[in-house]
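Fold and geometry: a report
So the chains spell out like this:
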Amino acid sequence: MNNAVMGNYGRIDLAFDHGEGSWLITAYGDRYLDCASGIAVNTLGHAHPALVEAVREQAGKLWHVSNLYRIPEQEEVAAMLVDLAGMDRAFFCNSGAEATEGAVKMARRAMHHRGETGRHTILCSEGAFHGRTIAMLAATDRPAFREGFGPMPDGFEHFPFGNMNALRDRLVEDAESGSPEIAAIMVEQVQGEGGAKPLPEGFLGQLRALCDEFGCLLIADEVQIGVGRSGHLFSFEPEGIRPDIVAMAKGLAGGFPVGAVLTSEEVATAMTPGSHGSTFGGNPLAMVAARAVLGVLTGDGFMAGVRQRSTRLMGMLHAIAADHDHAFTPRGQGFLIGLVMAEPYQAGDVVAALRDGGVLSVPASENTVRLLPPLTITDAEIDILANALKKALSVVDGNRT
Ligand SMILES: *Cc1c(COP(=O)(O)O)cnc(C)c1O
């Protein structure tokens, strides 16, 4: 391996030459079914014609001008996103951590704008992953990721996963203190790195009501579960709620680095000229890629097709688990699926066996194998995945005896 590259990743000794739809192909012609999608990024798979054409055309025209000027492509994508999400304004950046960190800045600024200058604390869930900047390490519930990177910034707390009573108690305590500190609650509707772990049904709706009652803001971290991955364009759609702030990235431009923060008008009003910014954020090249992805996702019947194929895959996974002495329990939404492995299975062994069988997946917390296929995965490819999983489980069983 190339020693000039920093060793901060535990890389697999495997490289790809090109991609076609749901497949990644090595220089030797070995084909892998990509159920990792570059960690929920390749929304439309690889080399999707709409995405290739959009970027190819824009690449010969104009890449970057900075936010010193109006960017018509950015205005267009902003209008699409706020319309689809039921939000009011959009800000663009380049990654998930920038989106979540921007969301936190905006929540604090909105409180400042209200005159509630003491409210700066963000409540995050246990098991949360919000990114790797210094501030987002404090928001993320992975003490090991913080080791040697301190001091951490103040103003982040964690509440027990899915526990509405604990959350309410904390907010009551904060309100009764006479000088409330809590600005916002930030959650992932389905924790991605946490192992495709969904919030309890109805939790988000209760959270919305709680935020309204205590005058704090609701931040939806849609970086992994958003852009159609839940089976809906935004994961909060079925709950019928409107967050105050939505952070997006990963799949938004299908592989081109883009992040976005969508906000209510109130939050946007606090973000006066000069209050926040990004050099690259929302440049024309990134915006045409995002526009192409959104164009496909909003096409007739596309999301219904995602839900149909996801339901079918979930059914197959439950059947495989039952046939395999409940070696795992499937969970998640849409195409953010986790197989929570039972003892003595190790998720890493199953991921490795799947890969040896030609299917890429990603390990996650709580001994989970994460399946994140492109939203365009076909029924025939789902069959290949299911067969590969059966085989991988037998291989792991065989290795143990
Ligand atoms: C990946 C992820 C992030 C961070 O995104 P980066 O682009 O890696 O900075 C933030 N929140 C969630 C939910 C994520 O899955």
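Please read these numbers as outputs of a predicted model, since none were measured by experiment. (Residues numbered from 1 in each chain as written. Predicted model: local features only at pLDDT ≥ 70, side-chain atom pairs only at ≥ 80, totals over all residues. Heavy atoms only, no water.)

Moving on to the environment of Phe145. Relative to the helices and strands, Phe145 resides in helix 6 (residues 143-146). Since its relative accessible area comes to 25%, Phe145 is described here as partly exposed. Each C-alpha atom of the pair Phe145 and Trp23 lies 32 Å from the other, and the pair is 122 residues apart in sequence. With sequence-adjacent residues up to four places away left out, Phe145 is seen in contact with Phe129, Arg132, Leu137 and Thr140. (Helix = DSSP H or I, 4+ residues; strand = E, 2+ residues; numbered from the N terminus. Buried < 20%, exposed > 50% of the residue type's maximum accessible area, 1.4 Å probe, protein only. Contact = heavy atoms within 4.5 Å.)

Strands sit in the order 4-12-11-10-7-5-6 across an open sheet of seven strands; the sheet is mixed. Edge positions in the sheet fall to strand 4 (89-93) and strand 6 (156-159), since each of these pairs with one other strand and no more. Neighbouring strand axes in the sheet, compared pairwise and without regard to direction, differ in orientation by 20° on average. The pairing of strand 5 (residues 121-125) with strand 6 spans four bridges and is parallel. By the bridge assignment for strand 6, Ser125 is matched with Phe159. (Pairing = 2+ DSSP bridges. Axes fitted to C-alpha atoms, helices over the stretch in contact; angles between N-to-C directions.)

In this section: the domain arrangement of the protein. Domain assignment breaks the protein into domain 1 (18-48 + 301-400) and domain 2 (50-297). Using C-alpha coordinates to define each centre, domain 1 is positioned 27 Å away from domain 2. Contact residues are listed per partner, giving 30 residues for domain 1 and 29 residues for domain 2. Summing both sides of the interface, domain 1 and domain 2 together bury roughly 2500 Å²; the carbon and sulfur share of this comes to 57%. Here domain 1 and domain 2 share two salt bridges between them. Note that Lys197 and Glu366 form a salt bridge whose closest N and O atoms lie 2.9 Å from each other. Our count for the domain 1 to domain 2 interface comes out at 15 residue pairs in polar contact (both at pLDDT 80 or more). No other element matches the four residues that helix 11 (residues 302-323) contributes to the side of domain 1 that touches domain 2. A breakdown of the residues in the side of domain 1 that touches domain 2 according to their chemical character gives 16 nonpolar, ten polar and four charged. (Domains from an automatic or database assignment. Buried area = accessible area lost by both parts, 1.4 Å probe. Salt bridge = Lys/Arg side-chain N within 4 Å of Asp/Glu carboxyl O. Polar contact = N/O pair within 3.5 Å; in protein donor to acceptor, adjacent residues only side chain to side chain. Nonpolar A, V, L, I, M, F, W, Y, C, P; charged D, E, K, R; others polar.)

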